[in-house]
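What follows is the residue order along each chain.
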Amino acid sequence: MKLKDQFQFVRQNIKKNKIRTFMTILATAMGCAFLIVLASVGYGLQQSIVNETLEDQVVTKIDIHGYEEENGNYRSLTMEDIEYLESVEGVNAVTRRIQLRQFPVYSIDNFQTEAQTVVAHFPSEIESGLELSDGRLPQSPDEIVLGYHFSNSLMEESAEEELYDDQGELKEEYRYKDELIGKTIDMTVKKLEDNEEEIQTTPLKVVGILKEPAREWMQDRNVYISQGILSEVEAFTGMIRGAASAEEELDKSYKDSFDVVNVYATSLEEVKAISDKLDKANYATYSVVSEMEQINMLFTIAKAGLILVGTIAILIASIGIYNTMTMAVTERAPDIGIMKAIGANPKTIKQIFLLESSYIGIIGAIIGTAAAYLISFLVNLGLPLIIEMVFKEELPDGLQFSAIPGTLILISVGICLIVTILSGMRPAKRATQIDVLKAMRREI
Amino acid sequence: MIHVKKLNHHFILGKKGQKATLPVLKDISFEVDKGEIVTVVGKSGSGKSTLLNLISGFIRPTDGEIWIDNKKVTDFTEAEFADYRLNHVGVIFQNFQLIPSMTAFQNIELALTLKGINKNERNQITMEMLKKVGIAEFQDHYPGELSGGQQQRVSIARALVLKPPIILADEPSGSLDSETEADLLEFIQKLNNEMGITFLIITHDEEVAKIGNRTITINDGRLVEGGAVR
């Protein structure tokens, strides 16, 4: 018997018991919708958390916090480490920064500010994606580059009124408004010795301003000086990294090492392999990918739990399918007997009943999926409003309670189909075992 | 064509622990040749219908062998029996055994559908068969809307539609009046002459028994006459 004819047969049989079939399909649809909606909460929250995490970080960046020595202590990274890191396959750039151990005062005309001062390796910074918004990179030791927001903190020395606004930002009228490129700015560092403060002022030429950080909330007020200027400050204070006093002095092991080292992979796919390799080589690493792995692992467990709970709903619906199919077999026993008497293969009879239970499963899954999408849409639309009204709390932008990816549909429809087919198995087998003579005598 | 060898059959009666056996057929042996019409007669309860059910494969014999076209059907699996019933034998039942929710046309078409024949061919063959049995105008009628004779014609058409070489008929005129019975017997003889179909007809009706080339008599489960081919 051809599949097309079997399907036609099933449709005719279903038509005979429209209400019973409809109710069974409804139960299956409800089970399927429940499963999808329940799991969609896991998917939605995961998506929201992952998106939020990824928004705040550069995904190809791996932070290297140090190197673990045989005795278990960590040491900061040196040029030797940088060379090794650069040699690792898939690494695009290795940025390294050294921070001055004091906040020098920068002054220009009658404006001044204190700023964090950094020595950066610009070729690698450019490779990693750092860009200038104006000017050029330093070419001589006394040339510097400023962070995009540096000028916002330059304020008039004589100002005595309230300088800052509600957000803690320097008021517009006290800010330095002229162009900084090409100007000379004085860097004043200090040293404290025997309670006596001594200062040294170095004139530096501003040649470039970095691009605004991609994240709106990030502020870059740094001053990027050369290694030569750092050495001058170190010579003046007599301490590593130019610390101003003996209390702030660093251990000698920090000499010729870097404070911040970041590895940039060529692509997101490379990050995991590079992290694993560096971890094996005793480097302490952190990347957003490893954080993602932990988040995803947690959510995978949560989603599996939710799918399992949702499957129970489908299992309950399967009892209805089992009942419907058993009734169908009992009702049609005389017809099955006649079909067997004229030559219907037991396999064909089994296929017809399995097709019928699958038909119920498929229609139920389709209706359930459509209902789940509608419920998911309403949950995403209505739940934030309800929470805001009831708990008076504003939810973060882009928070999604429910998300239904294609994989969830595949999993749910797959579970629904497997359960419905399994619940139709026994009645279908029973149909093949019907005794022809008893069935024809209407004894079943 | 049909060769029954030392066939024995008994039914098991009663519940577990209190079972009793009821012998129905005892040492039955006979042969039916190709193109013969063989009638099997005997009193009620003599085992005629059980014999037909055994040859049809609806029940398995306790002992003995049944060979059809040199194939030992008593060794067949369920699937092989299904294939055998679909392709080698047509069965006509006393009470027609039509599916009540199907029209006359659909009942006849069912056998063709089970064989996997496509829709257009099915329509053509079914119409031809409806005309041949003389009930073309009742094709859209359900069994409940047909007379006993018309229902038996649908049943015969269903058994013949796949052109099986053997027809097994159990009391084919049992539910019919004498006039319809005469029509039916004439039709059976016509099919036998024109198509060379072999008939094994179970009956207790003497008129029906007369159309056979040979009559086998069964009494109390034993074959008493007509076992050998003439």
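Because the structure is predicted, anything quoted here is derived from the model rather than measured.

Strands pair in a sheet through their backbones, by hydrogen bonds, and they do so in one of two ways: parallel or antiparallel. Residues and elements named next belong to chain B. Pairing in this open sheet of six strands is mixed, and the strands run S6-S7-S8-S3-S9-S10 from one edge to the other. Lying at the two open borders of the sheet, with one neighbouring strand each, are strand S6 (89-92) and strand S10 (222-225). Direction aside, neighbouring strands of the sheet carry axes that sit 20° apart on average. In terms of strand pairing, S6 meets strand S7 (residues 166-170) through four bridges, oriented parallel. Among the inter-strand pairings, Val91 is bridged to a residue of S7, identified as Leu168. Of the strands in this sheet, S6 and S7 touch helix H5 (residues 148-160), which is tilted by about 170° from S6. Its contacts with the sheet place helix H6 (residues 178-195) against strand S3 (37-42) and strand S8 (198-202), and it is angled at close to 155° to S8.

Turning to the UniProt feature "domain: ABC3 transporter permease C-terminal" (unreviewed entry) in chain A, a few remarks are in order. Per the UniProt record, the feature "domain: ABC3 transporter permease C-terminal" (unreviewed entry) sits at residues 308-434 of chain A. Secondary structure across residues 308-434 of chain A comprises 83% helix and 0% strand; the distance between its end C-alpha atoms is 36 Å.

Time to look at the state of the cysteines. Residue and element names in this part refer to chain A. Summed over the entire model, instances satisfying the criterion amount to zero disulfides over all chains. Free cysteine: Cys32, not disulfide-bonded; nearest cysteine sulfur from Cys416 at 4.4 Å. Under the relative-accessibility criterion, Cys32 is labelled buried at 0%. You can call Cys416 buried: its relative accessible area is 0%.

Here we take up helix H7 (residues 268-280) of chain A. Residue and element names in this part refer to chain A. Listed as buried for H7 are Val271, Ile274, Ser275 and Leu278. Viewed along the axis of H7, the buried residues span an arc of 105°, placing them on a single side of the element. More than 90 degrees from the buried face of H7, the exposed residues found are Glu269 and Lys280. Directly beyond the C-terminal end of H7, a positive phi value near 75° is found at Asn282.

How each quantity is defined
- Residues numbered from 1 in each chain as written.
- Chains lettered and ligands numbered in written order.
- Predicted model: local features only at pLDDT ≥ 70, side-chain atom pairs only at ≥ 80, totals over all residues.
- Heavy atoms only, no water.
- Pairing = 2+ DSSP bridges.
- Helix = DSSP H or I, 4+ residues; strand = E, 2+ residues; numbered from the N terminus.
- Axes fitted to C-alpha atoms, helices over the stretch in contact; angles between N-to-C directions.
- Contact = heavy atoms within 4.5 Å.
- UniProt positions renumbered as here; feature names shortened; annotations may be inferred.
- Disulfide = S-S within 2.5 Å.
- Buried < 20%, exposed > 50% of the residue type's maximum accessible area, 1.4 Å probe, protein only.
- Arc of directions from axis to C-beta.

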